[in-house]
Amino acid sequence: MPGSGPGAARVFFLGEGPGAREDELGLPFVGRSGKYLDQLLESVGLDRDKVFITNVVKCRPPANRDPHVAEVEACAPYLERQLELIQPSLVVTLGRFAMRHFFSDGPISEIHGQPRRVDGTVYLPLYHPAAALYRGSLRSVVEEDFQRIPALLDASQED
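Residues numbered from 1 in each chain as written. Predicted model: local features only at pLDDT ≥ 70, side-chain atom pairs only at ≥ 80, totals over all residues. Heavy atoms only, no water.

Considering the layout of surface pockets
What the largest pocket holds in volume is close to 650 Å³. As for the largest pocket, its lining consists of 27 residues, of which E16, S33, N64, H128 and A130 are closest to the centre. Sorting the residues of the lining of the largest pocket by element identifies α1 (20–25), α2 (32–43) and α6 (129–134) as the ones contributing at least two each. The element contributing the most residues to the lining of the largest pocket is α6, with 4 residues. (1 Å grid on protein atoms, 1.4 Å probe; cavity = no way out; pocket = protein on both sides within 12 Å on 5 of 7 lines; lining within 4 Å. Points joined across faces, edges and corners; volume = space filled by probe spheres on them. Helix = DSSP H or I, 4+ residues; strand = E, 2+ residues; numbered from the N terminus.)

Next comes the structure, spelled out in structure tokens:
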């Protein structure tokens, strides 16, 4: 599954990999996590049709297990090409597998919500929406971190 969204999106959301519902429909984030992501997008004034959403791995791992390193590496050139073509101002990583693609220093519990600028693009590591669904204590953290997105987009327009 390559992802969905416009080729000139300013915001690029990167998840882990397709779940059962995503695999069935061929679209990213359409299950429970997707519904929550839609609410998060709306809370910061973003329209799902105006952002690009994809995953680190493009195929559903068997039994919905975590992606193996070899699977992430196999999909990395495709992801890099997507970023090169879309040239987003902001890349929001959703969960630890997406975060590890850009941030190698520390667990997500320590670096979530802390943006980093690399070569003109801002990267914002966040917990995966599913984490908030399964661990209710993370819901307010996810929602608070998400509220950083509008200011980061405004700052990227000033550059």
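Here's the deal with the pattern of salt bridges
Counted by the stated rule, this structure contains 6 salt bridges. For the salt bridge of R21 with E24, the shortest nitrogen-to-oxygen distance reads 2.4 Å. Here R21 pairs with E24, and both are found in helix α1, just 3 residues apart, close to one helical turn. (Salt bridge = Lys/Arg side-chain N within 4 Å of Asp/Glu carboxyl O.)

Quick look at the nonpolar core
Grouped together as the largest cluster of nonpolar side chains are 43 residues, with contacts concentrated most on F13, L46, L90, F146 and I149. Among the elements that make up this core, the one with the highest residue count is helix α3 (residues 69–86) (5 residues). In contact with L90, other than residues within four places in its own chain, are R10, V11, F12, V122, L124, I149, L152 and L153. (Core = buried A, V, L, I, M, F, W, Y, C linked by side-chain atoms within 4.5 Å. Buried < 20%, exposed > 50% of the residue type's maximum accessible area, 1.4 Å probe, protein only. Contact = heavy atoms within 4.5 Å.)

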